[in-house]
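# Observations on chain architecture
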Amino acid sequence: MIDTSQKEVVDLLVSHSGMSILISQKCQEDPFSRSAEKTTAWATKQAKKAFSQLRGALRGVEAKRSVWCDHRRRGRVEFPDGLPFINHAIVIVEVFERVELGPESDFPLALNGIPVTYLSVNDFLNLAQELRTLPEMSEYLEARRSLSKTALRTVGDDKTLYEYYLGNDGSFQECVDHVSAKEFATNNGDQLKMARAAKAESDRFSKLIEYIADQLATRLADYASGLPADILAAFDDPGDRKQYIQMQDILANLRLRERAELGRAFSQSVEALKSQLEGYVYRALYFDTRPDLVFVLASSKGVARREVLERGLVLTRAAMAHYEKSRAMLIVDRDGSGFEVSMIESASVPTEEEIVAGKRFFGSLRVIDRAYSFARSSDL
C-alpha cells in the first residue's frame, strides 16, 4: 500500500465483504547468518519498526488520506478516501525459531482499538495456506487472543497453535500457550490425525473453486467462436470486464467450507457424466450466509457450446424462481476441457414460465441440509 508521497508503507488484504487486514513485514537478507541471541535482538528491533509503520498507516485511515496499491492483475487500485476499516493488524518478522519479543509496553496487543498480532513470515504463510480466506484468518487471529500475553508477544512456532485450533474445531478453549498446545498434540494424536485428514479432504474441493475463480481473471482468445450475436451481447467488453470481476469476487469471498461444499457439488456433477458420451447434469446449492444467491453446478458432454449456455440460462432463471433468490451463478464443466461461468440478477417477480421451469428442473431434486464448522460437517 502506497500513500500519495509514493512511499510504500504496509500491505493490505481486503475483501469486498468489508473484511480488511493490515500487514507490516520485515525480512532478513540471510536469516541463518545470526546467532540465536542476535536473531532475538534483530526481531525485537524490526518488530518495533513494523509496529510503527502500522501506526503511521492507521493515522492515514483516520485522516482519510488518499492511497493506492499495485495489483498484479488489476493494476493501480485507488483508495481516494483512504484505507477501509481495518479489522486486524499483523506485525510479521522473519525468524525460524520461537522468539519472545518483550513486554507489552514495547509490543502492544492493540492499536487504536484494532487487535495486533505478532507472527513470523513462515507462520503467516502457513496460516494463509491453511485458512485460505479472510474470514477464517480473522476468526483464527481473534480466537488466538485468548492465549496468555506472553504467547501473544511470541513469534515462531504458530504451527503448534494452529494444530490445537484445528484439533478443537476452531477453538483455543483451555489452551494457554505453545506448551499446552504441544501437550494436546502429544496426548491426542488420533484426534488430530482425523482433523488433518478431514481438512485435507475439504481443501481438495475448495481448491477447485479457487482454480475456477483464478481462471476468471483472464479470457480465452477464442471465447467468441461459434456463438451468435445475442449470446455474445451478454459478455463483458474485453476492455471492461466488470461482470467477471463480480463473479470472481463472489467465489473469492466464500468461506472456506462454502468453497469446499461448492467444489464438492460441482465435482459430483462432473463425476455423474464420467462414463457417459453425452449428457447435461446439474445440481443446485445455496448457503444461509448468502440468502439471495443460488449456485447451479453443471456438467456437459457432447453438447455444443451454444446449447450449453442456453440451457444454463434456463436453469439459472428456473433456480431463482424455485428457490426464491434474486441472483444465480452458473458453473458448467464443458467436456472436461473448460468452464462456462455466468451470473444473472433480477429483482422482478419471476414469470409463470420460470416458475413452471423451476418446478420441472428442481422440484424433484433430493434436498440435503448440512451444518458446517471449521473442521467438520454434520448431516441434519
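Throughout what follows, the structure given in this document is the object of discussion. Remember, predicted model here, so these are calculated numbers, not experimental data.

Before going further, it helps to spend a moment on the overall build of the protein. Counting its secondary structure elements, the protein contains 12 helices and 16 strands. When the backbone C-alpha atoms are referred to their principal axes, the protein occupies close to 70 × 55 × 40 Å. Every one of the 380 residues in the protein was classed for burial, and the buried ones make up 46%. By sequence separation, contacts in the protein at least 24 residues apart represent 68% of the contacts at least 6 residues apart. Of the roughly 19,900 Å² of accessible surface on the protein, 49% is carried by carbon and sulfur atoms. Across the protein, the mean location of the 51 positive side-chain charges is 2 Å away from that of the 56 negative side-chain charges.

This brings us to the side chain of S202. If you trace the backbone, S202 turns up in helix α7 (residues 189-215). Not counting residues within four places of it along the chain, the set of residues in contact with S202 comprises R257 and A260.

So, about helix α12 (residues 352-362). Among the residues of α12, E354, A357, G358, F361 and F362 are the ones counted as buried. What you see down the axis of α12 is that its buried residues fit within an arc of 105 degrees, all on one side. Within α12, the exposed residues directed more than 90 degrees away from the buried face are E352, K359 and R360. Along its buried surface, α12 packs onto β11 (279-285), β12 (293-301) and α11 (305-323).

Think of a sheet as strands paired side by side through backbone hydrogen bonds, with each pair either parallel or antiparallel. Strand order across the open sheet formed by 4 strands is β11-β12-β13-β14, with mixed pairing between neighbours. Edge positions in the sheet fall to β11 and β14 (339-345), since each of these pairs with one other strand and no more. Going across the sheet, the axis of each strand differs from the next one's by a mean of 15 degrees, ignoring polarity. Of the strands in this sheet, β12, β13 (327-334) and β14 touch helix α9 (residues 242-252), which is tilted by about 90 degrees from β13.

Moving on to the layout of surface pockets. For the second largest pocket, the calculated volume is near 1,000 Å³. What lines the second largest pocket is a set of 27 residues, and nearest its centre among them are L285, Y286, I368, R370 and Y372. Mapped by element, the contributors of at least two residues to the lining of the second largest pocket are α3 (134-144), α10 (256-272), β11 and β15 (370-372). The leading source of residues in the lining of the second largest pocket is α10, at 6 residues. Grouping the amino acids of the lining of the second largest pocket by side-chain chemistry returns 12 nonpolar, 3 polar and 12 charged.

If you trace the backbone, G226 turns up in the loop between α7 and α8 (229-232). Of the residues examined, G226 reaches a relative accessible area of 70% and is grouped as exposed.

Quick notes on the rules
In this convention, every chain numbers its residues from 1, walking through the sequence in written order. This being a predicted model, a pLDDT of at least 70 is required before a residue's local features are given, and a value of 80 or more before pairs of side-chain atoms are given or counted; all residues contribute to the totals for chains, interfaces and linings. Note that water and hydrogens are dropped before the side-chain values are worked out from all heavy atoms of the structure. Secondary structure elements follow DSSP: runs of H or I no shorter than four residues count as helices, runs of E no shorter than two count as strands, and numbering proceeds from the N terminus. Exposure is judged per residue with a 1.4 Å probe applied to protein chains only, and the accessible area is read against the type maximum: over 50% gives exposed, under 20% gives buried, and values in between give partly exposed. Contacts were defined at the residue level, with two residues in contact if any of their heavy atoms lie within 4.5 Å. For accessible areas, the Shrake-Rupley method is used with a probe of radius 1.4 Å. Any residue's cover is judged against the shown protein chains and nothing else. Under the convention used here, Asp and Glu are negative, Lys and Arg are positive, and both His and the chain ends fall outside the count. Throughout, a charge is located at the NZ atom of Lys, the CZ atom of Arg, the CG atom of Asp or the CD atom of Glu. What the arc covers is the set of directions going from the helix axis to the C-beta atoms. Only strands that DSSP links by at least two bridges are regarded as paired with each other. A fitted line through C-alpha atoms serves as each axis, taken over the contacting stretch for helices, and the angle formed by two N-to-C directions is quoted from 0 to 180°. In this analysis the probe radius is 1.4 Å and the grid spacing 1 Å, with only protein atoms considered; a cavity is a set of points the probe fits into but cannot get out of, a pocket is an open set with protein on both sides within 12 Å along at least five of seven lines, and lining residues have an atom within 4 Å of a point. Grid points are joined across faces, edges and corners, and a volume is the space filled by probe spheres set on the points. Just so you know the grouping, Ala, Val, Leu, Ile, Met, Phe, Trp, Tyr, Cys and Pro go in nonpolar, Asp, Glu, Lys and Arg go in charged, and all remaining residues, Gly too, go in polar.

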